[in-house]
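This is what each chain is made of:
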Amino acid sequence: MSDKEIKNISVIEITVKDKDTKAWGIWNKYIKDIMSCTNAVIDADVEKAKVKLTDKGYEILDAKVICCLSEVGYDKSIINKLNNKQSYIQDYSKGVA
């Protein structure tokens with residue numbers, strides 16, 4: 001077993017309804033932290049993203065923590081993007097993240 005400490009990663013997702021009335025998770029923020037799925041999300045990046053998405057014509061349905069897992073539960077690409085940062089944002093409103 002490795003001496004490396006396993007970290008937890010939480011994911012905040014913004015769900016929108018688009019012009020075709022489909023509901024989907026358009027924006028995700030991966031954070032090296034333990035966050036509860038039951039608490040309200042208070043995050044400056046989330047608030048800025050909600051304004052930008054509304055300006056683009058999306059209807060915001062929800063913004064919440066959707067999961068909190070140990071880092072071994074995530075794809076290596078996400079782990080690599082969090083390597084030297086506290087958080088990583090995927091924004092699908094710009095096309096491919």
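Structure report, in brief. This structure is a prediction, so every number in the text was calculated from the model and none was measured.

Turning next to the state of the cysteines. A disulfide bridge is the covalent bond that connects two cysteines by way of their sulfur atoms. Inspection of the entire model under this criterion finds zero disulfides. Here C37 is not disulfide-linked; the sulfur of C67 is the nearest cysteine sulfur, at 6.9 Å. In this structure C37 comes out as partly exposed when scored by relative accessible area, which is 45%. Here C68 is not cross-linked by a disulfide; its sulfur's nearest cysteine counterpart is in C37, at 7.2 Å. For C68, a relative accessible area of 27% gives the class partly exposed.

Our next topic: the environment of V16. Within the secondary structure layout, V16 lies in strand 1 (residues 8-17). Placed 34 residues apart in sequence, V16 and K50 show a C-alpha to C-alpha distance of 9.4 Å. Beyond its immediate stretch of four places on either side in the chain, V16 contacts K22, A23, W24, I26, L53, Y58, E59, I60 and L61.

On to the sheet that holds strand 3 (residues 59-70), then. Paired through their backbone hydrogen bonds, the strands of a sheet run either parallel or antiparallel. Taking strand neighbours across the sheet as the criterion, the four strands line up as 3-1-2-4 in an open arrangement whose pairing is antiparallel. The open sheet terminates on both sides in strands that have one partner only, identified here as strand 3 and strand 4 (87-91). Direction aside, the axes of adjacent strands within the sheet are offset by 20° on average.

Glancing now at the environment of L61. Positionally, L61 belongs in strand 3. Separated by 15 residues in the primary sequence, L61 and K76 have C-alpha atoms spaced 29 Å apart.

Scanning the model with the defined rule gives five salt bridges in all. A salt bridge links K29 to D43, with the nearest nitrogen and oxygen atoms 2.9 Å apart. Of this pair, K29 sits in strand 2 (residues 23-31) while D43 is found in the loop between strand 2 and helix 1 (44-55), placing the two residues 14 residues apart along the sequence. No difference in accessibility class separates K29 from D43, as the two residues are buried. D62 serves as the salt-bridge partner of K64, at 3.7 Å between the closest nitrogen and oxygen. Of the residues examined, K64 reaches a relative accessible area of 39% and is grouped as partly exposed. Each of K29, D43 and D45 takes part in a single network of salt bridges with overlapping partners.

About the thresholds
Residues numbered from 1 in each chain as written. Predicted model: local features only at pLDDT ≥ 70, side-chain atom pairs only at ≥ 80, totals over all residues. Heavy atoms only, no water. Disulfide = S-S within 2.5 Å. Buried < 20%, exposed > 50% of the residue type's maximum accessible area, 1.4 Å probe, protein only. Helix = DSSP H or I, 4+ residues; strand = E, 2+ residues; numbered from the N terminus. Contact = heavy atoms within 4.5 Å. Pairing = 2+ DSSP bridges. Axes fitted to C-alpha atoms, helices over the stretch in contact; angles between N-to-C directions. Salt bridge = Lys/Arg side-chain N within 4 Å of Asp/Glu carboxyl O.

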